[in-house]
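Structure at a glance
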Amino acid sequence: MCVWRQQVWQPVCAWWGAGVIEGSRKCIAWGGAGRRTMDDVDAQEREHFIRIVRAFKSYRHYSLKKVTEKEAYIKSLPPHHQMLLRSYLRHLEEQRLCIEHNAEIIKLIVRDVDSMFENQPQPVVEEECLGNTMLVSDIEKVQSTIRQIVRDWSPSGAHERTQCYGPIISKIEELFPQDTVCAEEVSILVPGAGLGRLAYELAKRGYTCQGNEFSLFMLFASNFVLNKCRGVNTLRVYPWVHTGSNLLSNRDQLRPATFPDTNPSDLHTQAQFTMAAGDFLEIYTSASAWDCIATCFFIDCANNIVSFIETIYNILKPGGYWVNLGPLLYHFADQPGEASIEPSFEEVKAIAEGLGFELSVEDTALHTAYTQNVQSMLRYEYRSVFFVARKPLPPAS
């Protein structure tokens, strides 16, 4: 079983409430007239938690409504057009069945999420609140979470995992070979752990590993897979049912994916594997605490990438390694109301070296995909950067 901890928040920042992009960091002033209190922060965290649970619980209503709108539009067309679309109408009915099945999986995901954190109980959200206006972006993140399950835990995601996690795992095994080091004495942190597969694989190899994730969408799903799922490929989802563009055939949209492709409970009973929920910059402040930091599709999630690199440097032990793979698709670059800087990789290297890192490995042409429908007529591919940086040992006295 994976133990979950919701970290105690630093007194200047907290999860923000509805209407703010998931993952953004909003600072809160403390003390004095007109300033926010701890009760305000707790209320905002509860509001945010409830909002995300409601997004999951609204998935069925929202997704079926989109199908109903298409059906209504077809009924408004000329009769001979409707005749030509009879097969498509049957396809829409099949979409409904797939959405209903996804909704059942979502019910399992959010069941008991109020008690998933061992040190901070959360409010119970009893029912689907369809009367409340949901953010479309929140529902789309639920749909994206379904695709993330496929990427991390389905046989269908094996190729992407080989592309993205394979080089990181291989390099860590090379840096910390188990024939010369005691793996459980090697502490590895995986910030931006998503659904936890990379951290799980490192723990499975005997390393002491902690994943860190901020998004409740990811945390709910990873908790379900890691702590609730048993057996291999016992469940299925329909990850592509929400996308009707660029399809060669109807069956490409209705293609299922089974999960999990490995039994998460098969971890050795002595495996050192935990997950921590919260903001990377706020949680990890202890200097020289980790032997290795593994980041995959993570460092471009910052408003200020320098703060991420500086924190990674500070929390690494002298002689420790940072292993990174991913693109630079800066998440806040085009977000209204969000400050952002977008340094090139050339600049990122200079920043890392300026902070003291020594780069030993660099590959700027790793072809990687991200939650890609391999049957789609449209294919996205990143030319990701893979590098290894070392925090130097202090000079000998």
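Preceding this section is the structure that the text describes.
These remarks concern the structure in this document. (Residues numbered from 1 in each chain as written. Predicted model: local features only at pLDDT ≥ 70, side-chain atom pairs only at ≥ 80, totals over all residues. Heavy atoms only, no water.)

Description of the overall build of the protein chain
Let me state the cut-off plainly: Numbering of helices and strands runs from the N terminus; a helix is a DSSP stretch of H or I covering at least four residues, while a strand is a stretch of E covering at least two. Exposure classes here rest on a 1.4 Å probe applied to the protein chains alone. A residue is buried below 20% of its type maximum, exposed above 50%, and partly exposed in between. Whether two residues are in contact is decided by their heavy atoms: any pair within 4.5 Å suffices. Working definition of accessibility: Shrake-Rupley area with a 1.4 Å probe, residue cover restricted to the visible protein chains.
On a plain count of helices and strands, the protein chain comes out with 13 helices and 12 strands. Taking all 397 residues of the protein chain together, the buried fraction comes to 49%. Across the protein chain, contacts joining residues at least 24 apart in sequence account for 76% of those joining residues at least 6 apart. Accessible area for the protein chain stands at about 18700 Å²; split by element, carbon and sulfur atoms hold 51% of it.

Re the side chain of R96
Along the polypeptide, R96 turns up in helix α4 (residues 86-110). On the basis of relative accessibility, which here comes to 18%, the residue R96 falls in the buried class. Leaving out residues up to four positions away in the same chain, R96 has contacts with L64, V67, T68 and E71.

A closer look at helix α7 (residues 166-175)
Filter applied, for reference: Here, the arc refers to the directions that run from the helix axis to the C-beta atoms.
Turning to α7, its buried residues number three or more, namely I168, I169, K171 and I172. What you see down the axis of α7 is that its buried residues fit within an arc of 165 degrees, all on one side.

Remarks on the nonpolar core
As a reminder, the rule being used: The nonpolar core is taken to be a set of buried Ala, Val, Leu, Ile, Met, Phe, Trp, Tyr and Cys residues, with the residues joined through side-chain atoms within 4.5 Å.
Counting residues in hydrophobic clusters, the biggest one holds 75 residues, and the most contacted among them are I172, I188 and F220. With nine residues, the single largest contributor to this core is helix α9 (residues 216-228). Contact partners of I172, with chain neighbours within four places excluded, come to I188, L202, Y207, C292, A294 and V323. Ranked by size, the runner-up nonpolar core spans 28 residues in total, among them L189, A276, L281 and I283.

As for the packing of helix α2 (residues 59-75) against α4
What counts is decided by this rule: Helix axes are fitted to C-alpha atoms over the stretch in contact, other axes to C-alpha atoms as well, and angles between N-to-C directions run from 0 to 180 degrees. Reported orientations rely on four angle classes, namely roughly parallel under 35 degrees, roughly antiparallel over 145, roughly perpendicular from 65 to 115, and oblique for the rest. For this classification, Asp, Glu, Lys and Arg are treated as charged, while Ala, Val, Leu, Ile, Met, Phe, Trp, Tyr, Cys and Pro are nonpolar and the rest, including Gly, are polar.
Two numbers describe how α2 lies on α4: the axes approach to 9 Å, and their chain directions differ by 175 degrees. In terms of their interaxial angle, α2 and α4 are classed as roughly antiparallel. Between α2 and α4, the contacting residues are Y59, R60, S63, L64, V67, T68, K70, E71 and I74 on the first element and Y88, L89, L92, E93, Q95, R96, I99, E100, N102, A103 and I106 on the second. For the contact of α2 with α4, the residue count by class is 10 nonpolar, four polar and six charged.

Considerations on the pairing of strand β5 (residues 208-213)
Side chains on a regular strand alternate between the two faces of the sheet. How we decide: We treat two strands as partners when DSSP finds at least two bridges between them. Seen with the strands pointing away from the viewer, any crossover whose path from the first strand over the helix to the second strand runs clockwise is right-handed.
Among the six residues in β5, five count as buried, and that is most of the element. One ladder, built from five bridges, connects strand β4 (residues 187-191) with β5; its direction is parallel. Residue pairing across strands places P191 opposite N212, the latter belonging to β5. Tracing the backbone out of β4, into helix α8 (residues 197-204) and back to the parallel element β5 gives a crossover that is right-handed. Here five bridges tie β5 to strand β8 (residues 273-277), and the two strands are oriented parallel to one another.

So, the state of the cysteines
The cut-off we apply is this: Working definition: a disulfide is two cysteine sulfur atoms within 2.5 Å of each other.
Summed over the entire model, instances satisfying the criterion amount to zero disulfides. Residue C164 stays outside any disulfide, its sulfur separated by 5.0 Å from that of C296, the closest cysteine. You can see C292 has no disulfide; the closest cysteine sulfur is in C209, sitting 8.8 Å from it.

What about unusual backbone geometry?
Residue P260 follows F259 across a cis peptide bond; omega there is -10 degrees. In this structure, P260 sits in the loop between β7 (257-259) and β8. In this structure, N233 is a non-glycine residue whose phi angle is positive, near 50 degrees. Here N233 is to be found in the loop between α9 and β6 (235-237). Relative accessible area serves as the criterion here: at 31%, N233 is assigned to the partly exposed category.

Details of the packing of aromatic side chains
Just so we agree on the cut-off: Centres within 6.5 Å make a pair out of two Phe, Tyr or Trp rings, where for Trp the six-membered ring is used; the pair is then stacked when the planes are under 30 degrees apart, edge-to-face when over 60, and tilted otherwise. Criterion for a charge above a ring: Lys NZ or Arg CZ within 6 Å of the ring centre, and within 35 degrees of the ring normal.
Within this structure, the stated rule accounts for 17 aromatic pairs. With centroids separated by 5.8 Å and ring planes inclined at 35 degrees, the aromatic side chains of F56 and F217 adopt a geometry described as tilted. Of this pair, F56 sits in helix α1 (residues 38-57) while F217 sits in helix α9, and the two are 161 residues apart along the sequence. Exposure class is identical for F56 and F217. Each is buried. Here the aromatic rings of Y313 and F357 are separated by 5.0 Å at their centres, their planes lie at 90 degrees, and the arrangement is edge-to-face. Of this pair, Y313 sits in helix α12 (residues 305-315) while F357 is found in the loop between α13 (345-355) and β11 (358-368), placing the two residues 44 residues apart along the sequence. Taking relative accessible area as the criterion, F357 reaches 3% and is therefore assigned buried. An aromatic cluster is defined as three or more aromatic residues linked by ring pairs; in this entry it consists of F280, Y284, W290, F298 and F308. The positively charged end of R151 is found above the aromatic ring belonging to F297, 5.3 Å away from the centroid. Against the face of Y313 rests K391, its NZ or CZ located 4.9 Å from the ring centre.

Notes on the environment of F217
By relative accessible area, F217 is classed as buried at 2%. For F217 and F49, which are 168 residues apart along the polypeptide, the C-alpha to C-alpha distance reads 9.9 Å.

Here's the deal with the pattern of salt bridges
To keep it simple, the criterion reads: Any Lys or Arg side-chain nitrogen located within 4 Å of an Asp or Glu carboxyl oxygen qualifies as a salt bridge.
Under the definition given, this model contains 16 salt bridges. Across the salt bridge formed by R60 and E100, the nearest N and O atoms sit 2.8 Å from each other. Highlighted residues: R60 in helix α2 and E100 in helix α4, separated in sequence by 40 residues. Residue R60 is classed as partly exposed on the basis of its relative accessible area, which comes to 38%. Taken together, the shared-partner salt bridges connect R161, E173, R197, E201, R205 and D261 into one network.

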